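A structural walkthrough
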Amino acid sequence: MEASAAKSDFFVIKALEDGVNVIGLTRGTDTRFHHAEKLDQGEIMIAQFTEHTSAVKIRGKALIQTSHGEITND
Ligand code: TRP
């Protein structure tokens, strides 16, 4: 996949409980947390991968939709 296509791709996170954490990890050789967002039950976050964000870690019960499919973590 072309890099620009990967970055324009959106993903959706819907919190299924209070206090779900969405953590953005930096792109590049130094992989570290750079952003943490807390979602309460029913809150939705729509996000993209960007030149700053190459990975996302999700803590807590959430429904995650991506172009690769849908997944729930418990
Ligand atoms: N400033 C961040 C960026 O442009 C915001 C961001 C984009 C983000 N996608 C994210 C933060 C996913 C957390 C998770 O990269």
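My aim in this report is to walk through the structure given alongside it, one point at a time. (Residues numbered from 1 in each chain as written. Predicted model: local features only at pLDDT ≥ 70, side-chain atom pairs only at ≥ 80, totals over all residues. Heavy atoms only, no water.)

This paragraph deals with the overall build of the protein. Looking only at helices and strands, the protein has one helix and seven strands in total. Each helix and strand of the protein, ordered N terminal to C terminal, gives the series α-β-β-β-β-β-β-β. Over its C-alpha atoms the protein spans a radius of gyration of 12 Å, differing by no more than 12% from the 11 Å that the globule rule assigns to 74 residues. Taken over 74 residues, the protein has a buried fraction of 20%. Here the contacts in the protein between residues at least 6 apart in sequence split such that 61% fall between residues at least 24 apart. Surface accessibility of the protein: about 5000 Å² in total, with carbon and sulfur atoms responsible for 50%. (Helix = DSSP H or I, 4+ residues; strand = E, 2+ residues; numbered from the N terminus. Rg over C-alpha atoms; globule rule 2.2 N^0.38 Å. Buried < 20%, exposed > 50% of the residue type's maximum accessible area, 1.4 Å probe, protein only. Contact = heavy atoms within 4.5 Å. Areas by Shrake-Rupley, 256 points an atom, 1.4 Å probe, with all protein chains shown as cover.)

A few words now on the side chain of Thr26. Within the element layout of this structure, Thr26 appears in strand β2 (residues 20-26). Judged by its relative accessible area of 8%, Thr26 falls in the buried class. At 2.6 Å, the side chain of Thr26 and the backbone oxygen of Asp30 are in polar contact. With residues near it in sequence (within four places) discarded, Thr26 still touches Thr31, Arg32, His34, His52 and Ser54. (Polar contact = N/O pair within 3.5 Å; in protein donor to acceptor, adjacent residues only side chain to side chain.)

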